[in-house]
Amino acid sequence: MAHSAKVVSLKQVIARYPLARDLLLKKQESVICRNRESGKVKNVQFRALFQNNPRFWEHSSSWEYFLDRAVFQDLVNTLRAPKEASHLARRSEGDGSPAAPPEEPPSLTAAPTDPQPAAPANIANFGDDYEEIEELPAVERTPRIQQRTARLAQCVLSPETTPDEAAKAVVDATADTTMINRATLLEALRLGDDQARAYTEEVVKETTRMVKTSIRLVDSEIYNDELVQALVQKSNGTVVQHMTRVFLMGLEFLLFYNRQVITKGVANRIRIRFKRDYKHHYRQLLSHLHDDYVSLEHVFLGGMKGLSEIELTRFATGFLVHDVGKAEDIEYHEGDAGYDRNTVERHVKLGYKAVMDKTNYPREAALITGYHHEYYGDPHGYGYFREFLASYKSANPAAEQDYVMAYTMEPVLDYQVLAYFPAKMLEVVDVFDSLTDPNRKYRSPLSQEEACTMIREEFIQKQLKIDPIIYDLFIDFLDQRRPRAAG
Ligand SMILES: [Fe+2]
Ligand SMILES: [Fe+2]
């Protein structure tokens, strides 16, 4: 029983009120869909259509989409309410008067069908603050990173800094720098490579300074990861939360790794356990080698070693930008509702292209971005490297990879190894974060213990995706990070 006066065009509503999109997702509203040819009409949840195509209202040639006028009115009222306005309606600033109702759409005659099953309420966006960052002119973005870095540096230097102040400084700096990078790099994708590198140059420079200063703060006594986690949880937007947590946890993990290798002699301890605990795993990866060659030196090309400050900065930069190509809050785990293989692949390739071609970031950061879902050549992984390696192998059928991981890029680019060390370090942090993420859309979050068990069973025992030695180091890292009982 819908009539022309009772519906409004969705395309026009979103063009006029961009934030209506987020509200429609949040409120689990339905959209009236009309087939242009058959005239068939059905009701489908906005969210279900959005997950399939985040801009479905712009692209469909066979369907038109409408909102019930009552729903539309409700949206407008919500957007104009002061409380929502402070959160959502930044784009509507200066647009205080109500819009004239969008043009009347053609009349609808068929009765709506049953809506899709309800999905949990959760705004699927990068972060509320992201809109503000996106609207910030390019010249104002770098000063913002500079300010954040200056505050970080002050925390490092001042003996009076409290752990709370340090936590806030590092979370704010990471979130802002992540969002500024995303906005700037995605804009740069529209430019030619040289022009893009000039466009991103200042952001790259300031981000590098921010990363270096973060390393010093995270490595200092004052850094408290529990305070940091509590603060991240309060920020808006699921993707920016994930990127902030992964950068900071990944950085801590790199520093922990370094301490273990440089001062605690962990390489020797692992060598002693190698035959008993690890060899069978790597046997699968280096099956063409004689048994004697499946050694720690063949797992870590050149043996396990500590990282220089230059390497730490480059790797941490890769951790910071690794998901810069992530377009929306999506499900990354096969088998879960909302999982879409193409979307997962797209964020890796887009991120790689942006960092590699459009910036002067070190190439290490680009490789980390492009290779952070490799899962040791698992055919169900999303690896860029896996694709390159496959085409290299088909052109060079006799070539073999005699080593598992390299610390430097050359053996990766020459196809002498199966993986890039920092990407494997990031992988375990990334998967752990996704599994324990309090904002998981389709499942409740796992505890630390549950997540570790799942990674061991699913990503190591069932199929070797995550590196088993790095995984054990990660468990040691979590153990020293905070008491396991707290997980
Ligand atoms: Fe990712
Ligand atoms: Fe990620």
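Draft legend 1. Structural view of the overall build of the protein chain. A tally of helices and strands in the protein chain yields 22 helices and six strands. Sorting the 487 residues of the protein chain into buried and exposed places 54% on the buried side. For the protein chain, the proportion of contacts with a sequence separation of at least 24, taken over those separated by at least 6, is 74%. When the accessible area of the protein chain is evaluated, it comes to approximately 21,400 Å², of which 49% is carbon and sulfur surface.

Draft legend 2. Quick peek at the coordination of the iron ion (ligand 1). Looking at the iron ion (ligand 1), one finds its protein donor set to be Asp323 (OD), His347 (NE2), His372 (NE2) and His373 (NE2), positioned 2.2 to 2.4 Å from the metal centre. Metal-centred angles of 79 to 168° between the four donor atoms at the iron ion (ligand 1) mark the site as irregular. Counting the intervening residues between successive donors of the iron ion (ligand 1) yields the motif D-x23-H-x24-H-H. Taken as a pair, the iron ion (ligand 1) and the iron ion (ligand 2) lie 3.4 Å from each other and share Asp323 as a ligand. In this pair, Asp323 is assigned in the loop between helix H15 (309-321) and helix H16 (341-358) and His347 in helix H16, connecting sequence segments 24 residues apart.

Draft legend 3. Region of interest: the nonpolar core. Counting 111 residues, the largest nonpolar core has Phe253, Tyr282, Met304, Phe421 and Ile469 as its most contacted members. The greatest single-element share of this core, amounting to twelve residues, is contributed by helix H12 (residues 238-262). The contact partners of Phe421, leaving out residues within four places of it in the chain, are Tyr257, Phe300, Leu307, Phe315, Met405, Ala406, Tyr407 and Ile470. With 25 residues, the next largest nonpolar core counts Val8, Val44, Phe56 and Val71 among its residues.

Draft legend 4. Geometry of the sheet that holds strand E4 (residues 63-68). Here four strands make up an open sheet; going across it, the order is E1-E4-E2-E3 and the pairing antiparallel. At either margin of the open sheet sits one strand with a lone partner, and together these are strand E1 (7-9) and strand E3 (41-45). For this sheet, the mean angle separating the axes of adjacent strands, direction not counted, is 40°. Across four bridges, strand E2 (residues 30-35) lies against E4 in antiparallel orientation. The partner of Ile32 across the bridge, within E4, is Phe66. Here helix H5 (residues 69-80) sits on the sheet in contact with E1 and E4, set at roughly 65° to E4.

Criteria and cut-off values
- Residues numbered from 1 in each chain as written.
- Chains lettered and ligands numbered in written order.
- Predicted model: local features only at pLDDT ≥ 70, side-chain atom pairs only at ≥ 80, totals over all residues.
- Heavy atoms only, no water.
- Helix = DSSP H or I, 4+ residues; strand = E, 2+ residues; numbered from the N terminus.
- Buried < 20%, exposed > 50% of the residue type's maximum accessible area, 1.4 Å probe, protein only.
- Contact = heavy atoms within 4.5 Å.
- Areas by Shrake-Rupley, 256 points an atom, 1.4 Å probe, with all protein chains shown as cover.
- Donors = N, O, S within 2.8 Å, 3.2 Å for Na, K, Ca; no water.
- Tetrahedral: all angles 85-135°; square planar, octahedral: opposite > 155°, others 65-115°.
- Core = buried A, V, L, I, M, F, W, Y, C linked by side-chain atoms within 4.5 Å.
- Pairing = 2+ DSSP bridges.
- Axes fitted to C-alpha atoms, helices over the stretch in contact; angles between N-to-C directions.

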